Amino acid sequence: MKKRLICGAAALLSSVAQADTRSYIDLQGGAGYSTNPLLLTDMDEDSGFGRISAYAFHGWSTPRSESSVSAYVENTSYLREYGNQEAFEVAARSRRNVSENLVVFGSANFRGDYSAQLGTRFFGPPREPVPVDVIAPDPVIVVDPDLFALNRRQYSVAGQLGLSTRLSERDALTTAVGLQRLFLSDDGGDLDFTQADASAEWSRTINERLTAGLRVILQRSDFSRGRSITSYGPQATAQLQLSENWELTGALGFVRVEQDGGELLGELNSIDLAADASLCRNVEQERLCARVARRTQSSILGGAPTTTSAGLDAYRRLSARDTVQASASLARSDGLRIGGVEQKSGFYSLTAGYDRVFGDRLSGGVNLSARRLVVSGPNPRADVGGSLYLRYRIGDLR
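Rules behind the numbers
- Residues numbered from 1 in each chain as written.
- Predicted model: local features only at pLDDT ≥ 70, side-chain atom pairs only at ≥ 80, totals over all residues.
- Heavy atoms only, no water.
- Helix = DSSP H or I, 4+ residues; strand = E, 2+ residues; numbered from the N terminus.
- Contact = heavy atoms within 4.5 Å.
- Areas by Shrake-Rupley, 256 points an atom, 1.4 Å probe, with all protein chains shown as cover.
- Phe/Tyr/Trp six-rings, centres within 6.5 Å; stacked < 30°, edge-to-face > 60°.
- Buried < 20%, exposed > 50% of the residue type's maximum accessible area, 1.4 Å probe, protein only.
- Lys NZ or Arg CZ within 6 Å of the ring centre and 35° of its normal.
- Salt bridge = Lys/Arg side-chain N within 4 Å of Asp/Glu carboxyl O.
- Disulfide = S-S within 2.5 Å.
- Pairing = 2+ DSSP bridges.
- Patch = residues over 30% accessible without salt bridge, like charges linked within 9 Å, V, L, I, M, F, W, Y side chains within 5 Å.
- Core = buried A, V, L, I, M, F, W, Y, C linked by side-chain atoms within 4.5 Å.

Draft legend 1. Highlighting the overall build of the chain. A tally of helices and strands in the chain yields 3 helices and 18 strands. Taking the intrachain contacts of the chain between residues at least 6 apart in sequence as the baseline, contacts between residues at least 24 apart amount to 56%. Accessible surface, the chain: about 20900 Å² in total, of which carbon and sulfur atoms supply 59%.

Draft legend 2. Representation of the packing of aromatic side chains within the structure. Following the criterion strictly, the structure yields 8 aromatic pairs and no others. Both rings, one in Phe-88 and one in Phe-110, keep their centres 5.0 Å apart while their planes meet at 65 degrees; by these two values the pair is edge-to-face. Of this pair, Phe-88 sits in strand β4 (residues 84-99) while Phe-110 sits in strand β5 (residues 102-114), and the two are 22 residues apart along the sequence. Given a relative accessible area of 34%, Phe-110 falls into the partly exposed group. Among the aromatic residues, those joined into a ring-pair cluster are Phe-88, Phe-110, Tyr-155 and Phe-183. Above the plane of the ring of Tyr-24 lies Arg-393, whose end atom (NZ or CZ) is 3.7 Å from the centre.

Draft legend 3. Representation of the pattern of salt bridges within the structure. This model, assessed by the stated rule, comprises 16 salt bridges. Between Glu-89 and Arg-111 there is a salt bridge, and its shortest N-O distance comes to 3.0 Å. You can see Glu-89 sitting in strand β4 and its partner Arg-111 sitting in strand β5, a full 22 residues away along the chain. On the basis of relative accessibility, which here comes to 15%, the residue Glu-89 falls in the buried class. With a closest N to O distance of 3.1 Å, Arg-256 and Glu-258 form a salt bridge. In this structure Arg-256 comes out as partly exposed when scored by relative accessible area, which is 30%. Its relative accessible area of 28% is what places Glu-258 among the partly exposed residues.

Draft legend 4. Quick look at the state of the cysteines. All told, the structure shown has 1 disulfide when counted by the stated rule. A sulfur-sulfur distance of 2.0 Å marks the disulfide that ties Cys-280 to Cys-289.

Draft legend 5. Expanded view of unusual backbone geometry. For Leu-39, which is not a glycine, the phi torsion comes out positive at approximately 50 degrees. Counting through the fold element by element, Leu-39 comes out in the loop between β1 (20-34) and β2 (47-62). The phi dihedral of Glu-81 is positive, around 65 degrees, even though this residue is not glycine. Structurally, the position occupied by Glu-81 is in the loop between β3 (65-78) and β4. On the basis of relative accessibility, which here comes to 46%, the residue Glu-81 falls in the partly exposed class.

Draft legend 6. Broad picture of the pairing of strand β18 (residues 383-395). Pairing of β1 with β18 involves 11 bridges; the strand directions are antiparallel. When the bridges of β18 are listed, Ala-31 appears paired with Leu-388. Bridging between strand β17 (residues 362-374) and β18 involves 10 bridges; their strand directions are antiparallel. Residue pairing in the sheet places Val-366 in a bridge with Leu-388 of β18.

Draft legend 7. Quick look at a nonpolar patch on the surface. Together, Ile-25, Leu-27, Phe-358, Leu-362, Leu-390, Tyr-392 and Ile-394 give the surface a local cluster of nonpolar side chains, amounting to about 620 Å² of exposed area. Listing elements by their share of the nonpolar patch, those giving two or more residues are β1 and β18. Within the fold, Leu-27 resides in strand β1. On the accessibility criterion, Leu-27 (39% relative accessible area) is partly exposed.

Draft legend 8. Representation of the nonpolar core within the structure. Tyr-24, Leu-38, Leu-40, Phe-49, Tyr-55, Phe-57, Tyr-72, Tyr-78, Tyr-82, Ala-87, Tyr-114 and Leu-118 together form the largest nonpolar core, which totals 12 residues. Listed by contribution, the elements that provide at least two residues to this core are β2 and β3. Broken down by element, the residue count for this core peaks at 3 residues, all from β2. Not counting the four nearest positions on each side in its chain, Tyr-114 is found in contact with Leu-38, Glu-74, Thr-76, Tyr-78, Gln-85, Glu-86, Ala-87, Arg-121, Arg-152 and Arg-153. One finds Leu-184, Phe-193, Ile-229 and Val-255 within the second-largest nonpolar core, a separate group that totals 10 residues.

Draft legend 9. Broad picture of the pairing of β2. Alignment of β1 against β2, held across 15 bridges, turns out to be antiparallel. Among the inter-strand pairings, Gly-29 is bridged to a residue of β2, identified as Ile-52. Note: β2 against β3, 14 bridges, orientation antiparallel. Note that in β3 the partner of Phe-57 across the bridge is Ser-70. In this structure, the hairpin formed by β2 and β3 is closed by a connection of 2 residues.

Draft legend 10. Looking closely at the environment of Ala-92. Within the secondary structure layout, Ala-92 lies in strand β4. For Ala-92, a relative accessible area of 30% translates into the label partly exposed. Taking C-alpha positions, Ala-92 is 9.3 Å from Gly-159, a pair spaced 67 residues apart along the chain.

Draft legend 11. Spatial organisation of the environment of Gly-233. Structurally, the position occupied by Gly-233 is in strand β10 (residues 228-241). Looking at Gly-233, the relative accessible area reads 9%, which means it is buried. Sequence spacing of Gly-233 and Ser-199 is 34 residues, and the spatial spacing of their C-alpha atoms is 9.9 Å. Among residues more than four places away in sequence, those in contact with Gly-233 are Arg-215, Val-216, Ile-217, Phe-254 and Val-255.

This is the structure:
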C-alpha cells in the first residue's frame, strides 16, 4: 500500500512538473470617439471618451489536458451625457483526455455588457480552433437583435459540460449539456430568462477527409409569468477537410418549436429549419473563420423568431511586432408576432484592430467599429467610432 502511495505521488508530481503555464495581466488605457454608443433613439449624441481596462489570463497545459481562466474589466468615461459605463467578462475553459477513447470538456462565463459593446473589443489571445473530436453546439445565445435587449445593461451566466467517446476506430459519440441565465437591469425581471440545452452527436469517419453523422438537439427556455419555449429535432452533420489548412463543417435538419407565450403571444407550434455551416483556415500566422446559421432562437421578448446569423473572424500576424484582427457579424430575426403584428429586427457589427509591439511589455494600436440596429419602428442612429490605446503587460511575455 505504501509503495502504491509513493508511486501515485510521484506520478502526480511528474504531471505537475510537466505542466506548461502562462500568466499575465494586460493594463490598457486609451481615448476615442463614438457617434451613438448606447444605440438609443432619444439620446444619441456624439461623444468623445476615455477608457481604461485590464485583462488577466492564466493557462496551463499538460500532454493530456489544457485549461485556462481569464477576466476582463473596463470603464469608459464619456464626455457627454452617457457618464461612466462598465463592462466585464470572466471565463474558464478546460479540456482533458481522460483516456485514448474519452475526452471531457467544459466551459463557463459570467459577463456584464451594455448595448453589445463587448462585441467590439479585442482582448486576450486569438481563439484556437476547437478540436474535431469535441464539437458541440454552443449553448450561449447570440446577441438578440431587439431594441429591448440592446438599449440597457445585460448580464448572463453560462456553462457547458460534455464528453466525446470514441466507440471504434471510425465512430465517436459526443454529448453536451449547457445552462444559461440572462437578465437585464431595470426591467423588474419580466425580460429575464433561463435556457437549458442538450445535444448528442454520433459521427463516423468515412475517409481521411470526410466525417458524417447525426445530431439531436434539445433546448428549453423559461420566462417570467409562466412563458416557455421548447425546441427539439435532428440534424445531419458533415465535416470535410478541404486541404491541410481549410476545413468545412455543416449541419442541416429541422426542429419542432412549442411556444407558450401567455396572453400576449399565445400558444404556437411550428416546424422550422435548423441549418448551420462554417469554413475555417488555420495556419501559424493566420486564422480565418466564416459562419452562417438559420434557426429558431429564443427572443428576449419571450417569443421564438427565426434568426439568420453570419459572422467572420480574421487574425493575421504581419510581422514579429504587428498584428491585425477583424470581426463582422449580422443577426436578423423575423416571424415573431405581437398583437397580430410581425416584428422584425436586425443587428450588424463590424470591428477591426491593429496592434504593434513597441517593446517587451509595451504595445499599442487602434480599434475601429461600426454598428447598426434595425427594428420595427424608429431606428436608432448607427454607431461609428474608434480609439487609440497603449497597453502594458505584467507577467509572462508574448
